[in-house]
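Listed below are the residues making up each chain.
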Amino acid sequence: MNFKKARGLLGLVGSVFGAVSAVQGFRNARKDKDKLLLVNASASILVAVTGVLLTIRSIRKDELK
């Protein structure tokens, strides 16, 4: 496994953990009925999903080279 692929996989793992944390924050915000925390958690989920997609794209590009 080359360095770029390993770095990409670590980025993917980090993004997945970020998504899990964001979902937990979303659940807590819904439970507390805190609209500001709900917006923050929703944005965090979007950022985590985007990170996963960017990492996957980067890994695929490296495989094609």
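Residues numbered from 1 in each chain as written. Predicted model: local features only at pLDDT ≥ 70, side-chain atom pairs only at ≥ 80, totals over all residues. Heavy atoms only, no water.

Secondary structure assignment for the protein yields two helices and zero strands. For 65 residues, the compact-globule estimate of 2.2 N^0.38 gives 11 Å, and the protein exceeds it by more than 25% at 15 Å. Expressed along its principal axes, the backbone C-alpha trace of the protein runs to roughly 50 × 15 × 10 Å. Within the protein, the proportion of its 65 residues that are buried is 15%. (Helix = DSSP H or I, 4+ residues; strand = E, 2+ residues; numbered from the N terminus. Rg over C-alpha atoms; globule rule 2.2 N^0.38 Å. Buried < 20%, exposed > 50% of the residue type's maximum accessible area, 1.4 Å probe, protein only.)

Glancing now at helix α2 (residues 35–64). When the terminal C-alpha atoms of α2 are compared, their 44 Å separation across 30 residues agrees well with the 44 Å that a helix rising 1.5 Å per residue should span. All of the buried residues along α2 are Ala41, Ala48, Gly51, Val52, Thr55 and Ile59. The inward-facing, buried residues of α2 contact α1 (3–32). At the N-terminal boundary of α2, the capping side chain belongs to Asp34, with an oxygen 3.1 Å from the backbone nitrogen of Leu36. (Expected span 1.5 Å × (residues − 1). Contact = heavy atoms within 4.5 Å. Polar contact = N/O pair within 3.5 Å; in protein donor to acceptor, adjacent residues only side chain to side chain.)

Bringing the packing of α1 against α2 into the picture now. Remark: α1 packs on α2, axes separated minimally by 8 Å, with the N-to-C direction vectors making an angle of 165 degrees. By the angle class used here, α1 and α2 are roughly antiparallel. When the axes of α1 and α2 are compared, the crossing they make is left-handed. Partitioning the contact of α1 with α2 into residue classes produces 16 nonpolar, nine polar and five charged. (Axes fitted to C-alpha atoms, helices over the stretch in contact; angles between N-to-C directions. Parallel < 35°, antiparallel > 145°, perpendicular 65-115°, else oblique. Left-handed = near helix turned anticlockwise from the far one by under 90°. Nonpolar A, V, L, I, M, F, W, Y, C, P; charged D, E, K, R; others polar.)

Further remarks concern α1. For α1, with 30 residues, the first-to-last C-alpha span of 43 Å sits near the 44 Å given by 1.5 Å per residue. Along α1, the residues classified as buried are Gly8, Ser15, Ala22 and Ala29. Among the structural elements, α2 are those in contact with the buried residues of α1. After α1 finishes, the residue Lys33 shows a positive phi value of roughly 55 degrees.

This part takes up unusual backbone geometry. Phi at Lys33 is positive, roughly 55 degrees, even though this residue is not glycine. Tracing the chain through its elements places Lys33 in the loop between α1 and α2.

Next up on the list: the UniProt feature "transmembrane region" (unreviewed entry) in the protein. With numbering matched to this structure, UniProt assigns "transmembrane region" (unreviewed entry) to residues 35–56. Along residues 35–56, the helical share is 100% and the strand share 0%, with 32 Å between the first and last C-alpha atoms. (UniProt positions renumbered as here; feature names shortened; annotations may be inferred.)

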